[in-house]
Structures are given as structure tokens and as C-alpha cells.
Amino acid sequence: MESSRFLITDSLAKVAEYVSNGDKESAFNFASLVVWRVDQYESWMTDNESAFIDKCLKFKPRRRPNV
């Protein structure tokens, strides 16, 4: 349980780093990873963490052409 919480917290820190650098696409990707990890490990997020992730999930990645 503690190791899964560390992974979630570490991923949240990475999301915050991407947001502060203005990389919204990477922030969206890591926010999705955080949601997956919370579900996978049957863990939890605080209200502040959850609100932050919700905001980051509104950053839609740009569409890329299929090559």
C-alpha cells in the first residue's frame, strides 16, 4: 500500500512539474496515469489532489495525423 501511494505521489509531482513548464499534453498524460494507478492499486487521493487532477484532465492532447 505504501509503495503504491509513493507511485501516485511521485506521478502527481511529475504532473505538477509539467504544468509549471507549460507542457499541457504531458500533464494530461501523467494525470491519466495517476487516475489509472489510483484505480489499479485501489488507493485514494486527497480532495486537493483530486481537484488538481480534474483540472489537468481538461488539457486535451492535440490530435496527430496517423502515419
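Quantities reported herein were computed from a predicted structural model and do not represent experimental measurements. (Residues numbered from 1 in each chain as written. Predicted model: local features only at pLDDT ≥ 70, side-chain atom pairs only at ≥ 80, totals over all residues. Heavy atoms only, no water.)

### Regarding the pattern of salt bridges
Here's step 1: All told, the structure shown has two salt bridges when counted by the stated rule.
Here's step 2: Arg5 is the partner of Glu49 in a salt bridge, and the nearest nitrogen-oxygen pair spans 2.8 Å. With a gap of 44 residues between them, Glu49 in helix 3 (residues 47–56) and Arg5 in helix 1 (residues 2–21) connect regions that are remote in the sequence. Judged on exposure class, the residue Glu49 and its partner Arg5 are both buried.
Here's step 3: Taking the shortest distance from any N to any O, the salt bridge between Lys14 and Glu17 comes out at 3.7 Å. Taken together, the residues Lys14 and Glu17, both in helix 1 and three residues apart, mark about one turn of the helix.
Here's step 4: A relative accessible area of 28% means that Lys14 is categorised as partly exposed. (Salt bridge = Lys/Arg side-chain N within 4 Å of Asp/Glu carboxyl O. Helix = DSSP H or I, 4+ residues; strand = E, 2+ residues; numbered from the N terminus. Buried < 20%, exposed > 50% of the residue type's maximum accessible area, 1.4 Å probe, protein only.)

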